[in-house]
Amino acid sequence: MIRCHRKYFAAFTLLAFALRWMFIRKLAIVSGDALVYGEMALNLLRHGVLGMTGEHGPTPTLFRLPGYPAFLAVVFGVFGAENYRAAMYVQMFVDVGSCFLVADLARRISGERAARWAFAFAVLCPMTLNYVATPLTETMTMFFTVLAFDVYVMARQWEDSSATTAGWGTRREHWMWIACGAAIGGCILFRPDGGMVLIAIGLVIIWRLLRRPEKKRIFLAGALVLATALAPLVPWTVRNWRVFHVIQPLAPFSASDPGEEVLTGFIRWTMTWVVDYSSTEDLLFNVPGQVADIKVVPDRAFDTPEERVRTKQLFAQYTAEENSLSPELDREFGNLADERTARHPIRVHVWLPFLRMLDMWFRPRTEFLPLDIHWWHVKNELTEASGGSLREMLLAIISAASTIGLGVLNIALPLLGFAALFLRKRMRYIAPIVTYMVVRTAFLTFAGTIEPRYTIECLPMLMAFAAHFLVNVGIKTKGATEAAPA
């Protein structure tokens, strides 16, 4: 396909590198979790210890998986300590590789015309390419996620082309399943929620095992995927047992080390009213340790005037304790959360999770761009800028247009992708991809935090789905030919 359309793929590949280079040069962000990964990488590189720097030197930790710190350690070792920009340039090549994987996935599940559309989407999509310009795990996990599903489809195509109801399959087929498991292992090493890829593919393999006659072949495929995916976690689990004397194959959900006090009352209270990522940046990222302003808490966090007064008192106590969340104060927030949950259980357990799910999927993804996370303030910004200089007005217009454009794009892409599931012409081998999206959304909906980047791993597959939709509703590319069915 690439040989038949050299100019098309060459032009878009150059554009892919140019866009990512521009984001790295102009919009790079190194803060928050990026600095945590960087510190772990430096300790690993200099002292051979995967951990944070304490009073007495590097201290081992397990609240982050080793994949990304190890990646940064290699980059720092080759290009210099704390050379985050070099890591971004490496991620640029990885992300361009992801574009080709998205195109190949679309080719296998839909056809060549869809592949060309999917490649263009992956190259141009600002919601995914902007993660290249920050040293976080998303670029790597997107690569391994789409690789896992692409190899899965490849193995299924090979199965169908040499279909048999007896035996254990062919050696080539076995290597494909091993490669699929290795890609899943890469997902898990960078982010613990990468295990949802294994869950999705595993559920589909179990379903096929129960319904198809070639039991041995499917059982061996599942065994190879499971063993290969979990193999990289064995040394990590052994290390955690030797260092901390706990069985911890993944990073803990609380993002804490054994023995650390985990305070959950404040988080439980926020989950009784949080629906938008802006609350996460305005409040959750600041507590404990930084100033917490009750003015950023919306009215829905208070059911009665008495509850508002009580909450203000807790915030005043937090400030008086020098922005520290003591166990007693955390317990008071927990009591408040329990009372609010008892009064409105459906709101807390059903309605708010549903709204958080919508926010993670459809809000304008501005969190790693120089745009206001309070996207509904666009009108206010334009009004304020109208009385200023021409430059201020132009900047406000650009900011508003970018925010609105990102919002429209982030609504259109999922809707096109989901609409593709209902077309008469079906995509092939997509059961694990759909299962992955459902499992991931269900898990994140009820998680204790809300960030749009938690759904970003689904977008590459949605690009392939959206391409299928556009091709099959009459939008065609000149000179493209449909791939032969597997």
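Preceding this paragraph is the structure being described.
Cut-offs applied
Sequence order as written defines the numbering, with residues in each chain counted from 1. Where totals are concerned, whole chains, interfaces and linings use all residues; where local detail is concerned, this predicted model gives features only for residues with pLDDT of at least 70, and gives and counts side-chain atom pairs only at 80 or more. Hydrogens and water are ignored here; the side-chain numbers use all heavy atoms of the structure. For helices the rule is a DSSP run of H or I covering at least 4 residues; for strands it is a run of E covering at least 2, with both sets numbered from the N terminus onward. With the radius of gyration taken over C-alpha atoms, the globule rule is written as 2.2 Å times the number of residues to the power 0.38. The contact criterion used throughout is that any non-hydrogen atoms of two residues lie within 4.5 Å. Residue burial considers only the protein chains on display, and all accessible areas are found by Shrake-Rupley using a 1.4 Å probe. Positive residues here are Lys and Arg, negative ones are Asp and Glu, while His and the chain termini are left out of the count. Taken as the charge centre is NZ of Lys, CZ of Arg, CG of Asp or CD of Glu, depending on the residue. Axis definition: a line fitted to C-alpha atoms, over the contacting stretch in the case of helices. Angles run 0 to 180 degrees between N-to-C directions. Each angle receives one of four descriptions, namely roughly parallel if under 35 degrees, roughly antiparallel if over 145, roughly perpendicular if within 65 to 115, and oblique otherwise. A clockwise turn of the near helix away from the far one marks a right-handed crossing, whereas an anticlockwise turn of less than a right angle marks a left-handed crossing. A pair of strands is labelled paired if DSSP reports no fewer than 2 bridges between them. Here, the term nonpolar core denotes a set of buried Ala, Val, Leu, Ile, Met, Phe, Trp, Tyr and Cys residues that are joined through side-chain atoms within 4.5 Å. Only protein chains enter the area calculation, which uses a 1.4 Å probe; residues under 20% of their type maximum are buried, those over 50% are exposed, and those in between are partly exposed. Here, expected helix span is obtained from the residue count minus one, scaled by 1.5 Å. The salt bridge criterion pairs a side-chain nitrogen of Lys or Arg with a carboxyl oxygen of Asp or Glu, the two atoms within 4 Å. Side-chain rings of Phe, Tyr and Trp (the six-membered ring for Trp) are treated as a pair once their centres are within 6.5 Å; stacked means planes under 30 degrees apart, edge-to-face means over 60, and tilted covers the remaining angles. Each ring is checked for a lysine NZ or an arginine CZ that lies within 6 Å of its centre and within 35 degrees of its normal; such an atom marks a charge sitting over the ring. For patch detection, residues must exceed 30% relative accessible area and be free of salt bridges, and they are connected within 9 Å for like charges or within 5 Å for nonpolar side chains (Val, Leu, Ile, Met, Phe, Trp, Tyr).

(A) Just the overall build of the protein chain, in detail. A count of helices and strands for the protein chain gives 20 helices and two strands. Scaling as 2.2 N^0.38, a compact globule of 486 residues should have a C-alpha radius of gyration of about 23 Å, and the protein chain matches this with 24 Å. A principal-axis box enclosing the C-alpha atoms of the protein chain has dimensions of 70 × 60 × 50 Å. Taking the intrachain contacts of the protein chain between residues at least 6 apart in sequence as the baseline, contacts between residues at least 24 apart amount to 76%. Carbon and sulfur atoms make up 65% of the accessible area of the protein chain, which totals about 22,500 Å². Side-chain charges in the protein chain split into 48 positive and 41 negative, and the spacing between the mean points of these groups amounts to 14 Å.

(B) Representation of the packing of helix α14 (residues 305-320) against helix α15 (residues 327-343) within the structure. Their axes nearest at 10 Å, the elements α14 and α15 cross at an angle of 160°. With respect to each other, α14 and α15 are oriented roughly antiparallel. Seen from above, α14 lies across α15 with left-handed handedness. Seen from α14, the contacting residues are Glu307, Arg310, Thr311, Leu314, Phe315, Gln317 and Tyr318; seen from α15, they are Leu329, Glu332, Phe333, Asn335, Leu336, Glu339, Arg340 and Arg343.

(C) A look at the pairing of strand β2 (residues 57-60). Relative to β2, strand β1 (residues 51-54) is paired through four bridges, and the arrangement is antiparallel. Each bridged residue has a counterpart across the sheet, and for methionine 52 the counterpart in β2 is threonine 59. Here β1 hands over to β2 after two residues, the two strands then running antiparallel side by side.

(D) View of the nonpolar core. Of all hydrophobic cores here, the largest spans 104 residues; its most connected members are Ile184 and Phe465. Element by element, the count of residues in this core is highest for helix α4 (residues 84-109), at 14 residues. Excluding anything up to four places from it in sequence, isoleucine 184 contacts Ala148, Gly194, Val197, Leu198, Ile201, Val225 and Ala229. By size, the runner-up hydrophobic cluster in this structure holds 24 residues, among which are Trp273, Leu284, Leu329 and Leu336.

(E) Structural context of helix α7 (residues 138-161). Taking 1.5 Å of rise per residue, the 24 residues of α7 would be expected to cover 34 Å, and the 35 Å separating its terminal C-alpha atoms lies within 8% of that figure. Along α7, 18 of the 24 residues are buried, which leaves the element largely enclosed by surrounding structure.

(F) Geometry of the pattern of salt bridges. On inspection of all chains with the given rule, the structure shows 27 salt bridges. Arginine 208 is paired through a salt bridge with glutamate 159; the nearest N and O atoms lie 2.9 Å apart. Highlighted residues: arginine 208 in helix α9 (residues 195-211) and glutamate 159 in helix α7, separated in sequence by 49 residues. We note that arginine 208, like glutamate 159, is buried. With a shortest N-O distance of 2.7 Å, glutamate 451 and arginine 453 are connected by a salt bridge. A relative accessible area of 7% places arginine 453 in the buried class. Look at the salt bridges and you will find they share partners, linking Asp33, Arg64, Glu138, Arg191, Asp193, Arg440, Glu451, Arg453 and Glu457 into a network.

(G) Local environment of the packing of aromatic side chains. Inspection of the entire model under this criterion finds 28 aromatic pairs. Ring plane angle 75° and centroid distance 5.4 Å describe the contact between tyrosine 8 and phenylalanine 9, whose orientation is recorded as edge-to-face. The same class applies to tyrosine 8 as to phenylalanine 9, namely buried. Joined through ring pairs, the aromatic side chains of Tyr37, Tyr68, Phe71, Phe143, Phe144 and Phe190 make up one cluster. A cation over an aromatic ring shows up here: arginine 64 above the ring of tyrosine 37, its NZ or CZ 5.8 Å from the ring centre. Directly above the ring of tyrosine 8 sits arginine 116, whose terminal nitrogen or CZ lies 4.2 Å from the centroid.

(H) How the structure looks around the environment of alanine 419. Tracing the chain through its elements places alanine 419 in helix α18 (residues 390-419). Exposure remark for alanine 419: the relative accessible area of 26% places this residue in the partly exposed category. Sequence separation of alanine 419 and alanine 466 is 47 residues, and the distance between their C-alpha atoms is 7.9 Å.

(I) Structural detail: a nonpolar patch on the surface. On the surface, a cluster of nonpolar side chains totalling about 310 Å² of accessible area is made up of Val74, Val78 and Phe79. With respect to the helices and strands, the residue phenylalanine 79 is situated in helix α3 (residues 67-79). On the accessibility criterion, phenylalanine 79 (48% relative accessible area) is partly exposed.

(J) Fine view of unusual backbone geometry. Residues valine 287 and proline 288 are joined by a peptide bond in cis, for which omega reads -5°. Here proline 288 shows up in the loop between α13 (277-284) and α14. Phi is positive for glutamate 82, close to 60°, though the residue is something other than glycine. The residue glutamate 82 is located in the loop between α3 and α4 in this model. Judged by relative accessible area, glutamate 82 falls into the partly exposed class, the value being 48%. Of note, glutamate 322 is a non-glycine position whose phi angle comes to about 60°, a positive value.

(K) Just helix α5 (residues 112-124), in detail. With 13 residues, α5 extends 19 Å between its outermost C-alpha atoms, agreeing within 8% with the 18 Å of an ideal straight helix rising 1.5 Å per residue. For α5, a buried count of ten out of 13 residues is recorded, marking the element as mostly surrounded by other parts of the structure. Three or more residues of α5 are buried, namely Glu112, Arg113, Ala114, Ala115, Arg116, Ala118, Phe119, Ala120, Ala122 and Val123.

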